[in-house]
Amino acid sequence: SGCITILNPAPASEISKDYYSNIDYFTPNETEAEFYTGIKITNEKEAKKAAEKLLNLGIKKAIITLGEKGLFYTDGKDEIYLKASPVKAIDTTGAGDAFNGGLAFGLSKDKPINECLELANKVAGISTTKLGAGDAMPFLKDIN
């Protein structure tokens, strides 16, 4: 239908190879990315290698979230590495959900990918500063 698809594969599980070409944005964390690629990710170089492998599966854009190390993005042409937001994390429950919500919001506003990633990164970071998942999700006013 021409809509943008975002798949956050949490928890990691088998995906039909035919399905990969339908994924616009694939957003695993480093553990989930290792499940799909077999590459253990401890640094930016390994994140890049794993992201490239994900693209070779047919995924259009790979974003590997790296927790306190930030994130790595590639679409096969552009590459973006962002450091994590400087926050004092209390509870990471729901951070991936927060990240994907921020990404979806940015994409819905037709923002450039670097701005979408910065927003998603910030939303995820803020979400770790409170206990729980739902209660820790920031409001738009908390981000600006």
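Structure first, text after, so check above.
Peer 1: What am I meant to see in the nonpolar core here?
Peer 2: The tendency in soluble globular proteins is for nonpolar side chains to be buried side by side. Within the largest apolar cluster, 18 residues are counted, with the highest numbers of intra-cluster contacts made by Y20, F26, Y36, I41, L54, I59 and I64. For this core, the secondary structure elements donating two or more residues are α1 (30-37), α2 (44-56) and β3 (61-65). The dominant element in this core, judged by the number of residues it contributes, is α2, at five residues. Not counting the four nearest positions on each side in its chain, F26 is found in contact with L7, P9, I15, Y36, L54, I59, K61, A62 and I63. If you look at the next biggest cluster of nonpolar residues, it comprises 13 residues, including L71, F99, C116 and A124.

Peer 1: Sorry if this is basic, but what is going on with α1 here?
Peer 2: Burial in α1 covers these residues: E30, E32, A33, Y36 and T37. The buried residues of α1 all sit within an arc of 155 degrees when viewed along its axis, so they share a single face. The secondary structure elements touched by the buried residues of α1 are β2 (25-26), α2 and β3. A distance of 3.0 Å separates the backbone nitrogen of T31 from a side-chain oxygen at the start of α1, and that oxygen is part of N29. Phi for G38, located one or two positions after α1, is positive at around 80 degrees.

Reading guide: rules and limits
- Residues numbered from 1 in each chain as written.
- Predicted model: local features only at pLDDT ≥ 70, side-chain atom pairs only at ≥ 80, totals over all residues.
- Heavy atoms only, no water.
- Core = buried A, V, L, I, M, F, W, Y, C linked by side-chain atoms within 4.5 Å.
- Buried < 20%, exposed > 50% of the residue type's maximum accessible area, 1.4 Å probe, protein only.
- Helix = DSSP H or I, 4+ residues; strand = E, 2+ residues; numbered from the N terminus.
- Contact = heavy atoms within 4.5 Å.
- Arc of directions from axis to C-beta.
- Polar contact = N/O pair within 3.5 Å; in protein donor to acceptor, adjacent residues only side chain to side chain.

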